[in-house]
Amino acid sequence: MINVTVSSSKTGSDPTCTQSVQYGILLTHKVHCSPPARGRFVIVTLTGNNVTLVLCQVVVRAIEFSEEAHGVLREGWYNVDYDSKISPTMRENPVFKGESQSQIVLRDFDAPVNVGTKYVQRLTSYLQVPVSGNYTFYLSCDEFCELWKYDVIEDGIEKEDRKAEEIVTKQPIISVKRFSSYQEWDRYAEQTSQSVFLDKCRIYQMEAFMREETGNDHISVGMRTPSGKYERPIPGTRLFRTKPGTRKLEVTLQHPKTSLSAFVGSNLHISGWFHQPYPTIA
Ligand SMILES: [Ca+2]
């Protein structure tokens, strides 16, 4: 077993993320800390009898500034023989289960155009909307695509009852089986989602799947805000390529007593501290 720990001390005594991967015939191992872990040190250890770990290359992807967290993760799989009969949706298809062959970060919800033939890609991003209200999503692609929306459980800000809620819906919010031109949003009725209520204090994971057989290829995701403004494609300013870190609200009583009381109608001043890794919430 290979253990990877992120820590702010050299000894790894205060780990912020610990992940394990089974070693075997694979030459590349990847661990993912979600949300990103705070720390300055990455410690790799190997456990087992009579085993030796030889590292050829270690790549650490880190976020130093909030701007670096914006965007959309694009993963690609190439030379794919896609069998549409073995899964009811693209998301469930085995071609998306293995390690992707390429990973890049896109600025907006808009993938590179005319990349190749017989490939699939998945675009993943975390959306934070500017105001709470009803949003409509749009999907344009060549040749097949799906858009999914998931609630994101964030430790620390969730009420207990939300945890029981089903976070993965069984159906995509958009499924398109016909090609449109690049960023052509209104060619078919099925390119538009139902109206979806989004809360500005929450973060939503958006996942778009696309499959290309031959000819032109592209995929773009757009939305209409509650005020009727179109953001097509959705700009990177609303999107994060990885799950945001834990938001925390801490309130401490400054009064020497352990409890406070106030008359009804009088003012009670509370000062608190709110930590938020990078999204901005008013
Ligand atoms: Ca095509």
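Just so it is clear, the structure is predicted and the values come from calculations on it, not from any experiment. (Residues numbered from 1 in each chain as written. Predicted model: local features only at pLDDT ≥ 70, side-chain atom pairs only at ≥ 80, totals over all residues.)

1. Describing the overall build of the protein chain
Part 1: On a plain count of helices and strands, the protein chain comes out with one helix and 16 strands.
Part 2: C-alpha atoms of the protein chain, sized along the principal axes, occupy 70 × 65 × 35 Å. (Helix = DSSP H or I, 4+ residues; strand = E, 2+ residues; numbered from the N terminus.)

2. Things to note about the sheet that holds strand β1 (residues 2–7)
Part 1: Taking strand neighbours across the sheet as the criterion, the three strands line up as β2-β1-β3 in an open arrangement whose pairing is antiparallel. What marks the edges here is a single partner per strand, and that holds for β2 (15–21) and β3 (41–46). Averaged over neighbouring strand pairs, the angle between their axes works out to 15° when direction is ignored.
Part 2: Note: β1 against β3, six bridges, orientation antiparallel. Within the sheet, the bridge partner assigned to Ile2 lies in β3 and is Leu46. (Pairing = 2+ DSSP bridges. Axes fitted to C-alpha atoms, helices over the stretch in contact; angles between N-to-C directions.)

3. A short note on unusual backbone geometry
Part 1: The linkage connecting Ser34 with the following residue, Pro35, adopts the cis geometry, with an omega of 0°.
Part 2: Relative to the elements of secondary structure, Pro35 occurs in the loop between β2 and β3.
Part 3: With omega at 0°, the peptide bond leading from Arg232 into Pro233 counts as cis.
Part 4: One can find Pro233 in the loop between β13 (230–231) and β14 (239–240).
Part 5: Its identity as a non-glycine residue notwithstanding, Lys118 has a phi of 45°, on the positive side.
Part 6: Along the chain, the position of Lys118 falls in the loop between β5 (102–106) and β6 (119–127).
Part 7: Judged by C-beta crowding, with 15 C-beta atoms within 10 Å, Lys118 ranks as partly exposed. (Buried ≥ 20, exposed ≤ 12 C-beta atoms within 10 Å, placed from the backbone.)

4. Digging into the domain arrangement of the protein chain
Part 1: Annotation of the protein chain at the domain level lists domain 1 (2–46) and domain 2 (66–240).
Part 2: For domain 1 versus domain 2, the separation of C-alpha centres amounts to 29 Å. (Domains from an automatic or database assignment.)

5. Some words on the nonpolar core
Part 1: Counting 36 residues, the largest nonpolar core has Leu139, Cys145 and Ala208 as its most contacted members.
Part 2: Taken together, the elements giving at least two residues each to this core come down to β4 (72–77), β6, β7 (133–142), β8 (144–151), β9 (174–176), β11 (204–212), β12 (218–224) and β14.
Part 3: Those residues in contact with Ala208 that sit more than four places away from it in its chain are Leu123, Leu139, Cys145, Glu146, Leu147, Ile219 and Val221. (Core = buried A, V, L, I, M, F, W, Y, C linked by C-beta atoms within 7 Å. Contact = placed C-beta atoms within 7 Å.)

6. Focus on the pairing of β1
Two faces belong to every sheet, and in a regular strand the side chains alternate between them.
Part 1: As defined by bridge partners, β1 adjoins β2 across six bridges and the pair is classed as antiparallel. Following the sheet pairing, Ile2 is matched in β2 by Val21.

7. Remarks on the sheet that holds β7
Part 1: Across the sheet, which stays open at both edges, the four strands sit in the order β10-β7-β12-β13 with antiparallel pairing between neighbours. Each edge of the open sheet carries a strand with a single partner, namely β10 (196–198) and β13.
Part 2: As judged from the seven bridges shared by β7 and β12, these two strands associate in the antiparallel manner. For Phe137, the partnering residue across the bridge sits in β12 and is Met223.

8. A word on the environment of Arg38
Part 1: If you trace the backbone, Arg38 turns up in the loop between β2 and β3.
Part 2: Owing to 15 C-beta atoms within 10 Å, Arg38 belongs among the partly exposed residues under this scheme.
Part 3: The sequence separation of Arg38 and Ser195 amounts to 157 residues, and the corresponding C-alpha distance is 37 Å.
Part 4: The residues touching Arg38, leaving out its near neighbours within four places in the chain, are Ser8 and Thr16.

9. Digging into the environment of Leu123
Part 1: Among the structural elements, Leu123 can be located in strand β6.
Part 2: A count of 24 C-beta atoms within 10 Å places Leu123 in the buried class.
Part 3: Sequence separation between Leu123 and Ser220 is 97 residues, and the spatial gap between their C-alpha atoms is 9.6 Å.
Part 4: If we skip the residues at most four places from it in the chain, Leu123 touches Val72, Arg74, Leu106, Phe109, Ala111, Ala208 and Ile219.

10. Structural notes on the pairing of β4
Part 1: Judged from the five bridges that link them, β4 and β5 form a sheet pairing that is antiparallel. Counted as the bridge partner of Gly76 is Ser102 from β5.
Part 2: Examined bridge by bridge, β4 and β6 share five bridges and lie antiparallel to one another. Paired with Leu73 across the two strands is Thr124, which belongs to β6.

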